[in-house]
Amino acid sequence: MRMTQVGHIESRVSDMLLTPVQDALPGIDVADRAAALKRVPDDKAMLRAVTELTRDLGTPNPRIFWSDFLASAFLGYAGLFLAIISGNIWLQCAAALVAVLALYRAGGFIHEVTHVKHSALPGFRLGFNAVIGVPLLVPSYMYEGIHNLHHARTRYGTDQDPEYLPLALMKPWTLPLFIIASLFAPFALLFRNAVLAPLSLVIPPLRKIVVERYSGLAINPAFRRRAAEGEAHRNWIIQETAASIWSIVLLAGVFTGFIPMNAFLIFLLIVSSVAVLNQVRTLVAHLWENDGEPLSVTAQFLDSVNVPPPGVLASIWAPVGLRYHALHHLLPSVPYHALGEAHRRLTAQLAPGSVYHRASYNGLAGLVYRLTRSTLVRGA
């Protein structure tokens, strides 16, 4: 193949890599995009602008955090309560939908708990775990110490990243399996907390397995977690104990008839729906086109996704700042409520040809289509 032809193909690959879903060129294999991704150097001008234009946005606002979180949790539990007690099927469905969306938003604050400086937001970790983390079986220790590895410069997209799989390069059946697995998350968490956790206290080999494989919200099955130390270990034990007691009490209440089976099943259905919604959102948080090699910061940004305004649906399926996931990878310490302002500043200041604009997409449907098409072409 002549060099001019090679250059033309690489140009087309680069264009597809850096172009939003709706403008993507057809017919270029995802493996070519993965190869192009590994060759993307850091855009120092963009990274400098990101730092300089957002210096004043790193402080969390406690009033916003607490009011948003508590209002979401209150609305979610009110919907759950109404779904349980109502005898009208249509009212039950409406209340369940409200519960799913509101509890999903409240649960999204686990991401902020992981990143926020706790001295700047005192008591929020405790509040999150008391209101959402323990009741919904996802205490924050299952994310703290896990998610930060996803942001590590040399770990992103590799087999050491607990939150990454090359989904775009995998078989087509992996996507439905990825979603279906989340449907059973509440059952697995109940078993983990009510059975495995207590047993592991008296069976050391089991404890090792529980810590390594069943103590983190990870999607990479090859990832093994290390035991926490110091204050992180103390937080882990306290939260794990609370989740175990809650799980045992919940199951005991059902088995003794104190908690009606119908109420228990509605609770599980709503929590399962929250997990599925989060898994769908995870599908489009990245393009998942890295095959395991370390990437530059700019390449990691381009493998991630922003879904900025004017679309409004993204604020529902990607709440608490998750619609700016690519920007978050550049600014992991900026609180969720400041990401919109950061995006507005960068969009206004950076030229239309800047790499920054190339991580923005229109919505959920196009991203799911892109990922599905990639698996059908590459993984068939």
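Residues numbered from 1 in each chain as written. Predicted model: local features only at pLDDT ≥ 70, side-chain atom pairs only at ≥ 80, totals over all residues. Heavy atoms only, no water.

(A) Focus on the side chain of serine 182. Checked against the element boundaries, serine 182 lands in helix H9 (residues 174-183). Here the side chain of serine 182 touches isoleucine 179 through a polar contact of 2.5 Å, landing on its backbone oxygen. Aside from chain neighbours lying at most four places away, what touches serine 182 is Ser272, Ala275, Val276 and Gln279. (Helix = DSSP H or I, 4+ residues; strand = E, 2+ residues; numbered from the N terminus. Polar contact = N/O pair within 3.5 Å; in protein donor to acceptor, adjacent residues only side chain to side chain. Contact = heavy atoms within 4.5 Å.)

(B) Geometry of helix H5 (residues 89-107). If you check H5, its first and last C-alpha atoms are 26 Å apart, about what 19 residues at 1.5 Å a residue would give, namely 27 Å. All buried positions along H5 are accounted for by Gln92, Ala95, Ala96, Ala99, Val100, Ala102, Leu103, Tyr104 and Ala106. Where H5 is buried, its residues meet helix H4 (62-85), helix H6 (109-115), helix H7 (124-133), helix H13 (261-283) and helix H15 (314-317). N-cap assignment for H5: the residue whose side-chain oxygen lies 2.9 Å from the backbone N of tryptophan 90 is asparagine 88. (Expected span 1.5 Å × (residues − 1). Buried < 20%, exposed > 50% of the residue type's maximum accessible area, 1.4 Å probe, protein only.)

(C) Structural detail: the side chain of asparagine 220. Looking at where asparagine 220 falls in the secondary structure, it is placed in the loop between helix H11 (204-213) and helix H12 (230-255). Owing to a relative accessible area of 8%, asparagine 220 belongs among the buried residues under this scheme. Of note is the side chain of asparagine 220, whose polar atom sits 3.1 Å from the backbone oxygen of aspartate 161. Ignoring sequence-local partners within four residues, the contact set of asparagine 220 consists of Thr158, Asp159, Asp161, Pro162, Tyr164 and Leu165.

(D) Representation of the pattern of salt bridges in the model. In the structure shown here, the tally under the stated rule is 11 salt bridges. The partner of arginine 345 in a salt bridge is glutamate 341, and the shortest N-O contact between them spans 2.9 Å. Taken together, the residues span about one helical turn, with arginine 345 and glutamate 341 both in helix H17 (residues 336-349) at a distance of four residues. Classification of arginine 345 as partly exposed rests on a relative accessible area of 23%. Judged by relative accessible area, which is 28%, glutamate 341 ranks as partly exposed. (Salt bridge = Lys/Arg side-chain N within 4 Å of Asp/Glu carboxyl O.)

(E) Representation of the nonpolar core in the model. Grouped together as the largest cluster of nonpolar side chains are 46 residues, with contacts concentrated most on Met46, Leu167, Phe301 and Leu327. Every element with two or more residues in this core is listed here: helix H2 (30-38), helix H3 (44-53), H9, helix H14 (297-302), H15, helix H16 (325-330), H17 and helix H18 (364-378). Considering every element that reaches this core, the biggest residue donor is H17, with four residues. Residue contacts for phenylalanine 301: discarding those within four places in its chain leaves Met46, Asn306, Ala326, Leu327, Leu330, Val355, Tyr356 and Ala359. Counting 43 residues, the second largest nonpolar core, distinct from the first, contains Leu80, Ile110, Leu268 and Tyr336. (Core = buried A, V, L, I, M, F, W, Y, C linked by side-chain atoms within 4.5 Å.)

(F) Seen up close, the confidence of the model for the protein chain. Mean pLDDT for the protein chain: 91, with 92% of residues reaching 70 or above. Under a pLDDT of 50 for its full length, residues 1-27 has, in the predicted model, 35 contacts with residues more than four places off or in other chains. (pLDDT = per-residue confidence, 0-100.)

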